[in-house]
Amino acid sequence: MQILEGREVKKYFGGLAAVSNVDFHIDQGEIVGLIGPNGAGKTTLFNLMSGSLVPTSGVIRFKGEKITGLRPHQICKRGMARTFQFVKLFGNMTVLENILLGSLFGSPTGMHEVNAKRESLELLEFVGLSAMEGSLAKDLTVANQKRVEVARALATKPELLLLDEVMAGLTPTEVGSAIELIKKIGSRGITVFMIEHVMKAIMTVSDRIIVLHHGEKIAEGIPEEIATNPKVIEIYLGT
Amino acid sequence: MRRTISKKIFYLMLFSLIFILMVIMPSYVSPYTIILLNSIFMYIILTVSWALFSGPTHYLSLASAAFFGLGIYVSAILGDKLPLLVVIGLGGLISFLLALLVGLSSLRLRGMYFTIFTFGLSELIRHSVQWWEVNKTGTVGRWVVAVDHMTVYYVMLGILLITLVVAYLIRHSKYGLALLSIGESEEAAEHIGININAMKMITFAISTFFMGATGAIMATRWSYIDPSIAFNPLFSFMPVLMAIFGGVGNIFGQILGAGVLTLLADVLLTKFPYYYMLLYGMILVVVVLFLPKGLTGLKEEVKRWREGGSVNPVRKDGPRPE
Amino acid sequence: MLEINKINTFHGKVRALWDISLRVAEKEIVALVGGNGSGKTTMLYSISGLLPPASGTIHSLGKRIDGMPPHQIVKLGICYIPEGGKPFPDMTVRENLEMGAYIYETWKRKEETIDQVYHLFPILKERAGQLANTLSGGERQMLAMGRGLMSRPKLCMFDEPSYGLAPVLVKEFFGIIKTLREQGVTILLVEQNVRNALEISDRAYILENGGVVLEGKSGELLQNGHIKKAYLGL
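On a predicted model such as this, the values are computed, not experimentally measured, just so you know.

Engineer: Is there a simple way to explain the overall build of chain C in this structure?
Structural biologist: Tallying secondary structure elements over chain C gives 11 helices and 10 strands in all. A globule of 234 residues ought to have a C-alpha radius of gyration of about 17 Å, and chain C, at 17 Å, matches this closely. Dimensions of chain C, computed from the C-alpha atoms along their principal axes, are close to 45 × 40 × 35 Å. Looking at chain C as a whole, 52% of its 234 residues are labelled buried. Sequence-distant contacts in chain C: of pairs separated by 6 or more residues, those separated by 24 or more amount to 66%.

Engineer: Help me understand the sheet that holds strand S1 (residues 2-13) of chain A in this model?
Structural biologist: Hydrogen bonds between backbone groups are what pair the strands of a sheet, and the pairing can be parallel or antiparallel. All names here are of chain A. Across the sheet, which stays open at both edges, the four strands sit in the order S2-S1-S4-S5 with antiparallel pairing between neighbours. Of all the strands in the sheet, the pair left with one neighbour each is strand S2 (16-27) and strand S5 (65-66). Along the sheet face, helix H1 (residues 42-50) touches S1, S2 and strand S4 (57-62) and points at about 65° away from the line of S2.

Engineer: Help me understand the domain arrangement of chain A, please; the structure alone is not making it clear to me.
Structural biologist: A common way to state how big an interface is: give the accessible area lost once the parts meet. Residue and element names in this part refer to chain A. In terms of domains, chain A is made up of domain 1 (2-79 + 158-237) and domain 2 (90-157). Its C-alpha centre places domain 1 at a distance of 24 Å from the equivalent point of domain 2. If you look at the interface, domain 1 gives nine residues, while domain 2 gives 11 residues. Contributing elements (two or more residues each) for the side of domain 1 that touches domain 2: helix H2 (72-78) and helix H6 (172-187).

Engineer: What is the right way to read the interface of chain A and chain B from this model?
Structural biologist: Tallying the contact residues gives 25 residues for chain A and 18 residues for chain B. Going through the elements one at a time, H2, helix H3 (95-106) and helix H5 (142-155) of chain A are the ones with two or more residues in the side of chain A that touches chain B. If you tally residues by element for the side of chain A that touches chain B, the top one is H3(A), at six residues. Class assignment for the residues of the side of chain A that touches chain B results in eight nonpolar, nine polar and eight charged.

Engineer: In this structure, what is going on with the confidence of the model for chain C? I would like to understand it.
Structural biologist: Segments scoring low in pLDDT should not have their predicted coordinates read at a detailed level. Residue and element names in this part refer to chain C. In this model, chain C carries a mean pLDDT of 86, and residues with pLDDT of at least 70 account for 99%. Highest mean pLDDT in chain C belongs to strand S3 (residues 29-33) (92); lowest belongs to helix H4 (residues 104-107) (74). Two summary scores accompany this predicted model of the complex, namely pTM at 0.85 and ipTM at 0.92.

Engineer: Could you clarify how one ought to interpret unusual backbone geometry in this entry?
Structural biologist: Comment: phi is negative for the bulk of residues other than glycine, and the bulk of peptide bonds are trans. All names here are of chain A. Residues other than glycine seldom take positive phi values, yet Asn21 does so here, at roughly 60°. What makes Asn21 partly exposed here is the crowd of 14 C-beta atoms within 10 Å. A positive phi angle, close to 50°, is found at Glu165, a residue other than glycine. In this structure, Glu165 sits in the loop between strand S7 (160-164) and H6.

Engineer: Help me out: how do you make sense of the pairing of strand S10 (residues 216-221) of chain A in this one?
Structural biologist: Residues in a regular strand project their side chains so that they alternate between the two faces of the sheet. Residue and element names in this part refer to chain A. Pairing geometry for strand S9 (residues 208-213) and S10, over five bridges, is antiparallel. Each residue of the ladder has a partner; that of Ile210, found in S10, is Glu220. Hairpin connection from S9 to S10: two residues lie between these consecutive antiparallel strands, with His214 at a positive phi of about 50°.

Engineer: Looking at this structure, I do not really get helix H8 (residues 167-182) of chain C. What am I missing?
Structural biologist: Residue pairs three or four apart in sequence face the same way in an α-helix, which turns once every 3.6 residues. Residue and element names in this part refer to chain C. Over its 16 residues, H8 extends 23 Å from the first C-alpha to the last, a length consistent with the 22 Å expected when each residue adds 1.5 Å. Where H8 is concerned, the buried positions are Leu169, Val170, Phe173, Phe174 and Ile177. One face of H8 carries all of its buried residues, which in axial projection span an arc of 140°. Residues of H8 that are exposed and point more than 90 degrees away from the buried face comprise Gly175, Lys178, Thr179 and Glu182.

Engineer: Help me understand the packing of helix H7 (residues 174-184) of chain B against helix H9 (residues 196-222) of chain B, please; the structure alone is not making it clear to me.
Structural biologist: The packing of two helices is summarised by the inter-axis angle and the distance between the axes. All names here are of chain B. Interaxial distance between H7 and H9 falls to 11 Å at its minimum, and their mutual angle equals 110°. Judged by the inter-axis angle, H7 sits roughly perpendicular to H9. Between H7 and H9 lies a crossing whose hand is left-handed. Residues Ala178, Leu179 and Ile182 of H7 form the contact with H9, whose own contacting residues are Ile196, Met199, Lys200 and Thr203. Split by residue class, the contact of H7 with H9 holds five nonpolar, one polar and one charged.

Engineer: How should the environment of Val248(B) be read in this particular structure?
Structural biologist: Residue and element names in this part refer to chain B. Note on placement: Val248 falls in the loop between helix H11 (234-246) and helix H12 (251-271). Expressed as a C-alpha distance, the spacing of Val248 and Lys293, which sit 45 residues apart in the sequence, is 7.4 Å. Every residue in contact with Val248, bar those within four places of it in the chain, is listed here: Ala51, Gly55, Ala243, Gly253 and Gly294.

Engineer: Would you take a moment to explain the packing of H11(B) against helix H13 (residues 276-290) of chain B for this structure?
Structural biologist: Residues and elements named next belong to chain B. Where H11 meets H13, the axes come as close as 9 Å, and the angle between the chain directions of the two elements is 45°. One element, H11, and the other, H13, form an angle in the oblique class. The handedness of the crossing between H11 and H13 is left-handed. Of the residues in H13, those touching H11 at Leu241, Ile244 and Phe245 are Leu284, Val287 and Val288. Looking at the contact of H11 with H13 residue by residue, the class counts come to six nonpolar, no polar and no charged.

Engineer: When you look at the sheet that holds S7(A) in this model, what are you seeing that I'm missing?
Structural biologist: Residue and element names in this part refer to chain A. The six strands are arranged S6-S7-S8-S3-S9-S10 in an open sheet whose pairing can be described as mixed. Strands at the two margins of the open sheet, each flanked by one partner only, are strand S6 (80-82) and S10. Shown here is a sheet whose adjacent strand axes are inclined to one another by a mean of 20°, direction ignored. With five bridges joining them, S7 and strand S8 (residues 191-195) adopt parallel strand pairing. Within S8, the position partnered with Leu163 by the bridge is Met194.

Engineer: Just checking my understanding: could you explain the interface of chain C and chain A for this structure?
Structural biologist: In this complex, chain C contributes 22 residues to the contact, which on the side of chain A involves 24 residues. Within the residue set of the side of chain C that touches chain A, elements represented by two or more residues are helix H7 (137-149) and H8 of chain C. Per element, the largest residue contribution to the side of chain C that touches chain A is four residues, and it comes from H8(C). A class-by-class count of the residues in the side of chain C that touches chain A yields 10 nonpolar, nine polar and three charged.

Engineer: Hey, could you run me through H3(A) in this one?
Structural biologist: An ideal rise of 1.5 Å per residue puts 16 Å on 12 residues; H3(A) measures up with 17 Å between its terminal C-alpha atoms. The buried fraction of H3(A) is high, at 12 of 12 residues. Those residues of H3(A) that fall on the buried side of the exposure criterion are Val95(A), Leu96(A), Glu97(A), Asn98(A), Ile99(A), Leu100(A), Leu101(A), Gly102(A), Ser103(A), Leu104(A), Phe105(A) and Gly106(A). Looking at the packing, one finds that the buried side of H3(A) touches H2, helix H4 (113-126) and H5 of chain A together with H7 of chain B.

Engineer: Would you mind going over the nonpolar core with me for this structure?
Structural biologist: Generally speaking, soluble globular proteins have nonpolar side chains that are buried together. The biggest cluster of nonpolar side chains holds 160 residues, and the ones touching the most others in it are Met157(C) and Leu189(C). Here the element with the most residues in this core is H5(A); it accounts for eight residues. The residues that make up this core include at least three from each of domain 1 (2-79 + 158-237) and domain 2 (90-157) of chain A. Filtering out sequence-adjacent residues up to four positions away, Leu189(C) remains in contact with Ile29(C), Val30(C), Ala31(C), Leu32(C), Phe158(C), Ala197(C) and Ser201(C). One finds Ile44(B), Ile88(B), Val240(B) and Leu261(B) within the second-largest nonpolar core, a separate group that totals 70 residues.

Engineer: Whenever I open this one, the pairing of strand S10 (residues 211-217) of chain C confuses me. Can you help?
Structural biologist: All names here are of chain C. As defined by bridge partners, strand S9 (residues 203-208) adjoins S10 across six bridges and the pair is classed as antiparallel. Each residue of the ladder has a partner; that of Glu208, found in S10, is Gly211. Here S9 hands over to S10 after two residues, with Asn209 in that stretch at a positive phi of 50°.

Engineer: Could you clarify how one ought to interpret the confidence of the model for chain A in this entry?
Structural biologist: Averaged over every residue, the pLDDT of chain A is 91; the share at 70 or more is 99%. Per-element confidence in chain A is highest for S7(A), whose mean pLDDT is 97, and lowest for helix H9 (residues 230-237) of chain A, whose mean pLDDT is 88.

Rules of the game
- Residues numbered from 1 in each chain as written.
- Chains lettered and ligands numbered in written order.
- Predicted model: local features only at pLDDT ≥ 70, side-chain atom pairs only at ≥ 80, totals over all residues.
- Helix = DSSP H or I, 4+ residues; strand = E, 2+ residues; numbered from the N terminus.
- Rg over C-alpha atoms; globule rule 2.2 N^0.38 Å.
- Buried ≥ 20, exposed ≤ 12 C-beta atoms within 10 Å, placed from the backbone.
- Contact = placed C-beta atoms within 7 Å.
- Pairing = 2+ DSSP bridges.
- Axes fitted to C-alpha atoms, helices over the stretch in contact; angles between N-to-C directions.
- Domains from an automatic or database assignment.
- Nonpolar A, V, L, I, M, F, W, Y, C, P; charged D, E, K, R; others polar.
- pLDDT = per-residue confidence, 0-100.
- Expected span 1.5 Å × (residues − 1).
- Arc of directions from axis to C-beta.
- Parallel < 35°, antiparallel > 145°, perpendicular 65-115°, else oblique.
- Left-handed = near helix turned anticlockwise from the far one by under 90°.
- Core = buried A, V, L, I, M, F, W, Y, C linked by C-beta atoms within 7 Å.

Here's what the structure looks like:
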């Protein structure tokens, strides 16, 4: 079943086409990677899906329903959550409070405070940060802040999770644990769509990869196909 | 939450004690004290209700005078036609409705733009009312039905109690947390399901309800009002100053700031009638310079001073560790 | 070029660097490698003057630089390129680059330097008139590097330069580092991409929890079993 579908999605900033005519779809349960050179329009595409930006034209459907034009909080309540390329945590609040807010406001039916706290603690453990419960979010290392953001997104009970460069700045070993985390998320039945530059991660974890360049989709396929695609090698992977 | 249960009960009892004291006090003190207390109550209400919205969200509103003044005018126009409590309720309600309208147009503005917009709005309302009064109604000012100072006192105490209770309940609820998150990162808040526009508008409107109600009752003390009295920009600036002075982050700080500054102004006015403005300003500057977190930050600052200051201070926040 | 002797640096009350010493000789490429929270960025903050050490000394070319204000350290020819770039968002790409040459001596030669930077990063030339905050994450990184190079530094310190860069650009970037060394610039590199960092550097220090646990020639470190397991995920 298609959980997300975009048809002829275009986004212009003045005369500049950030995303021009992209068709894409994501099936439920997949882990799909989104790669492309810097400036290709990947984060812009995420912004169009999550409601931060409205497409200039084109339609985006989530679980069969049109979501173009809806505000982010409405899209979140329908089951789509995301993390940000530059972490946007609530810095002066504790790690637990950050996740708690996701629980309290993000789920479709709203949550009782007692249950929300319990769930948030579980999520903290899920991402491996139980020790940081009472720390202020702004005091964490960048890698840990990204984990908190993932936990906060998961707290809203999403069916589709958008991850924007979650692995940037991690050592290869840390990338390994992040890959494990994403697989765990996938095994919970959550569909994952991730932007990444860390090739090892994308190739290992993705079922399918979409490649953007200058705002257009130039390739799509399973990791092996993409890794050997000459155009992709030329503009993105290098030799 | 953060305090243990016993501490909560202690504060609750202390608060109730003070409240009871306030209730029986008027029979035992001079009228002058009652009038002074009225002033203090007024500024506490204005400061706490201003900080209700502007504190956590960092949307600094300079429109408090507009809503306060609106309440004053409701009182002036309807004071002789309707019972007192209804007038006060209407003062609050009309402010609430105006705030919703204002919110619709202005809450997409960020930071400084929002602040300047609210200030401009306040002035616009002042001039509009003035124009209307002069050209349509044929008056400059109005007389307000007088009410004895004891009644005013008890009404103010009632409004104060309600304001404090509402402020406390909001702050310690999930909505309080959500408001804080809006101040930290609106985009993130929106993406975890918080309807930021609705939340901003409603909280802003709630804060103005108390301002309007207070205006309605204070008008009866002044008996003569005109647009420059009712919509005096000082009623927009003072709550901000008082909150910063006492400590914006918590209700106690806001109460302290409003109380201390109002008392200070009164004391200075009587003791140094010629220099009081100068002294007042100097004290404000000195406190904000050395206690950026306001009076409630005093404990922290003393502790820091005792420990010899932090090693390696570059800027207050410093670069983040990796 | 750079001599750091037993420095201790604190973030507020937390000690981030414990009695660390390290050396960088002229025209060397030295890498600082370690996981998150190991103290790598703090080290660069201490050298650049943004977070001076509480004790210990830092010398560069004979002068003592710990405790000097950052802008004077830049004048000595030491440039710090922060993690994530941090270009000035409301200025154009060109204006950002020009700001990099703020010091008078370099300001005189800025046209020449800008051309060199455009040669290294053609995409910056393409986007010269655009506001920096309209650039994508990776483009901002490149802009920050270009801006750093505008001060014609003798020692260039890069903080996570490959962060968020597309693989082909990462390769290009490490090529640029080689070019810089050929032009006589000394390089101190903080990198999470351990393999690339070790492949390009002459020597490296491995940091953990604010202390040096291993140091040596990069070629040897690449073969080291502990490194392979703890950092290369092998």
